[in-house]
Amino acid sequence: MREILERKSAAVAGALILSVALGLFFAACDHKSKIPVRGADGMFVMEDFEFGALDVWKAVGSGSGGWTVYTNGKKAPDPAQSDPSVPFDLPDPPQGKFAAVTDMNGPGTRILYRDVKLDGRFILHLTVFYTGVGGLSSPATLAYDDPEANQQVRIDRVSPSAPLDSVAPRDVLRNVFATASGDPERREPIAVSVDVSQWAGQTVRLRLAGTDNRGPLRVGVDDIRFEPIASDAKARIELPVTEEPSRALDVVLHRLPEADALKALSARAEKLARRGEFSGAVLVAKEGRVLFSHAYGPADRKRGILNTLRTRFRIGSMNKMFTAVAILQLVEAGKLELTAPLGKYIRDYPNKDVARKVTIHHLLTHTGGTGDIFGPDFDLHRMELRTLADYVKLYGERGLEFRPGSRWAYSNYGFILLGRVIEEVTGRSYYDYVQRHVYEPAGMTATGSLPEDRAVPDRSIGYTKPPGANMWTPNTAWLPYRGTSAGGGYSTVGDLARFADALLSHKLLSPDSTELLVTGKVKAGPRGRYAYGFEDARDPDGNGWVGHGGGAPGMNGDLKIYPKSGYVVAVLANMDPPAAQRISEYLDPRLPSDE
């Protein structure tokens, strides 16, 4: 099983500004405009992404995914935005070291844009590539939540005064590249060139857009250049400060009254279930009162058993929330220190460098450089890994991937180590501790991590459909022996709502420790921050959610807790990601807020 964080991270509706350094040498102009130097080949490079970041571009969008830079087509540039059920498989950067990519890991629209003034006549050149799952389609909209299939890539020259997501002919000055129905689902890097001399003397906007409401879509763009037409010695381009768009029609959604939001949620879930794109359960509550709850689809396809609100679904990485609560309980009790090194508690840890340098704080925030557990070793020993100590025995000799605290990289192994810390400090198994100190106080009677060979009442069968397959298959071949402190247990939407209520009412931790638990500590992707086993997607005014998701073949879940408004949204599915995110991310921008 490839248990990986499914992010969820559900995106917040509205504009999102990405950071990026423009990899250009600029001649001095004024404080509002930059003039790229003309290269030896006569080209003006607008962007080659060689500084490895994005900070003068802007972006808008809603739903999943986000633009970032990457260096390796086999490794996700930001695991928090990547679909764990589909291996990352884009080409290496076709020009230089870096390229810009957007990874749509669930329904969403993401637009990256930049203004340019054309002082002369030019041909625009760039490189584009992509891979999609489920077939491309290009309806005349960039909306990601319409019923019609929409998975497309567009690159356009648009008017700076136009709605940023418009595809109307009056707003699109020139289409540079677009997918269409019937196009191949994968395109290797290709050079694209268009004549833009018609707009000489004008400021136009370059728009890179990806929309997906079906399955992972990955888009890459690189080496954006302008070639002067003829030998115009005075031709140049200017890169003015790009202003915010005046409006966007479809990618920025509006909040609804509570009744309307729940009605829209119900209709959306029913539609996805009818299309075979959702099988699971949904619950929405506010301040402990259930507002909406319903189950959809089969729990066991062979025996014809349907999901109910009692159905226990595998929850993937959502166990990390329970592990983090347990760690802070021990901190409150004076048995652990967040700044203490791992070796203080696991005294016989095999790699002494790791034991000395990695702290509990590093492990809780995925900043320890401890790496993951999935790969050839896991596949070879999957059924032999029966205890947390077995994982340490298999992986404990390896060294650090980077200096602890220097960056964020999702680490399931880090949370395995936190489970071992709990066992060493308490003298009890991790499973016994969370049962006694997390599940029981919260009233979670249907949550656990019993081995897969044990009969568990109402536990659903997970179904996966690997890329290219036509039939749903039980995910048995991917499952570990049992869930761990990093993920893989099971729960119900009702139990997740009870966990959220216990957290907000401070039955599990004091108010100060609860805030420490859920407050973001490190940037984890462009849309949010990672706290201690929780994602924090709140804005500076406290609007937004905290929580965690989980995903692997045949399982997907999401818990969003809105501390300010009091809403709790729990979605669990017994099918591949992003089945649950399709529900929670649809509801998120429509729920009322307390702004």
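In the block above lies the structure referred to throughout.
Residues numbered from 1 in each chain as written. Predicted model: local features only at pLDDT ≥ 70, side-chain atom pairs only at ≥ 80, totals over all residues. Heavy atoms only, no water.

**Description of the environment of Phe499**
What counts is decided by this rule: Strands here are runs of E lasting at least two residues and helices are runs of H or I lasting at least four, both read from the DSSP assignment and numbered beginning at the N terminus. We call two residues in contact whenever any of their non-hydrogen atoms come within 4.5 Å of each other.
Along the chain, Phe499 falls in helix α9 (residues 493-504). Taking the C-alpha atoms as reference points, Phe499 and Phe322, separated by 177 residues in sequence, lie 9.0 Å from one another. Each residue touching Phe499, except ones within four places of it in the same chain, is listed here: Met321, Phe322, Val325, Val438, Ala442, Met444, Leu508, Phe534 and Leu559.

**A short note on the environment of Thr211**
Convention followed: The term polar contact refers here to a pair of N or O atoms within 3.5 Å; inside protein, the definition further demands a hydrogen-donor-capable atom paired with an acceptor-capable atom, and it admits residues adjacent in sequence only when both atoms are side-chain atoms.
Tracing the sequence through the fold places Thr211 in strand β13 (residues 203-212). A C-alpha to C-alpha distance of 46 Å links Thr211 and Arg356, two positions 145 residues apart in sequence. Residue contacts for Thr211: discarding those within four places in its chain leaves Gly108, Thr109, Leu142, Ala143, Tyr144, Asn150, Gln151, Gln152 and Leu217. A distance of 3.2 Å separates polar atoms of two side chains, one belonging to Thr211 and the other to Thr109.

**Some details on the nonpolar core**
Short version of the rule: Side-chain atoms within 4.5 Å are what join buried Ala, Val, Leu, Ile, Met, Phe, Trp, Tyr and Cys residues into a set we call a nonpolar core. Any residue under 20% of the maximum accessible area for its type is buried, any over 50% is exposed, and the rest in between are partly exposed; the area is computed with a 1.4 Å probe on protein chains only.
Counting 77 residues, the largest nonpolar core has Phe322, Tyr349, Leu364, Phe499, Leu517, Phe534 and Leu559 as its most contacted members. For this core, the element with the most residues is helix α2 (residues 319-332), which contributes eight residues. Core analysis: the second largest hydrophobic core is formed by 39 residues, Trp67, Val116, Val204 and Ile224 among them.

**Things to note about the side chain of Thr141**
In this structure, Thr141 sits in the loop between β9 (122-132) and β10 (151-158). For Thr141, a relative accessible area of 14% gives the class buried. Of the polar contacts made by the side chain of Thr141, one reaches the backbone nitrogen of Ala143; its length is 2.9 Å.

**Some words on the sheet that holds strand β16 (residues 280-286)**
Note the following rule: DSSP bridges decide pairing: two strands pair if at least two such bridges lie between them. Helix axes are fitted only over the stretch in contact, all axes being lines through C-alpha atoms; the angle between N-to-C directions runs from 0 to 180 degrees.
The strand order across the open sheet built from eight strands is β17-β16-β29-β28-β27-β26-β25-β24, with neighbouring strands paired in antiparallel fashion. Strands with a single pairing partner mark the edges of an open sheet, and in this sheet they are β17 (289-296) and β24 (522-523). Judged from the seven bridges that link them, strand β27 (residues 546-552) and strand β28 (residues 555-561) form a sheet pairing that is antiparallel. Considered in β28, the bridge of Gly549 is made with Asp558. Seen against the sheet, α9 touches β16, β28 and β29 (567-573) and runs at an angle of roughly 150° to β29.

**Describing the pattern of salt bridges**
For the record, the criterion: Here, a salt bridge means any Lys or Arg side-chain nitrogen found within 4 Å of an Asp or Glu carboxyl oxygen.
What the rule picks out here adds up to 23 salt bridges. With its nearest N and O atoms 3.6 Å apart, the salt bridge here joins Arg303 to Asp300. Of the residues examined, Arg303 reaches a relative accessible area of 65% and is grouped as exposed. A relative accessible area of 8% places Asp300 in the buried class. Arg420 serves as the salt-bridge partner of Glu424, at 2.6 Å between the closest nitrogen and oxygen. Of this pair, Glu424 and Arg420 both sit in helix α7 (residues 412-426), four residues apart, which is roughly one turn of the helix. With a relative accessible area of 38%, Glu424 lands in the partly exposed category. For Arg420, a relative accessible area of 11% puts it in the buried group.

**Quick notes on helix α8 (residues 430-442)**
Let me state the cut-off plainly: By this rule, a helix spans an expected 1.5 Å times one less than how many residues it contains. At every residue, the bend is computed as the angle between two fitted axes, covering the seven residues ending there and the seven beginning there respectively.
Given a rise of 1.5 Å per residue, 13 residues ought to cover 18 Å, and the 17 Å separating the end C-alpha atoms of α8 matches this to within 8%. Approximately 30° is the largest bend angle found in α8, and it occurs at Arg436. Listing the buried residues of α8 in full gives Tyr430, Tyr431, Tyr433, Val434, Val438, Tyr439 and Ala442. Lining the buried residues of α8 we find α2, α6 (388-395), α7 and α9. Positioned one or two residues after α8, Gly443 has a phi angle of 75°, which is positive.

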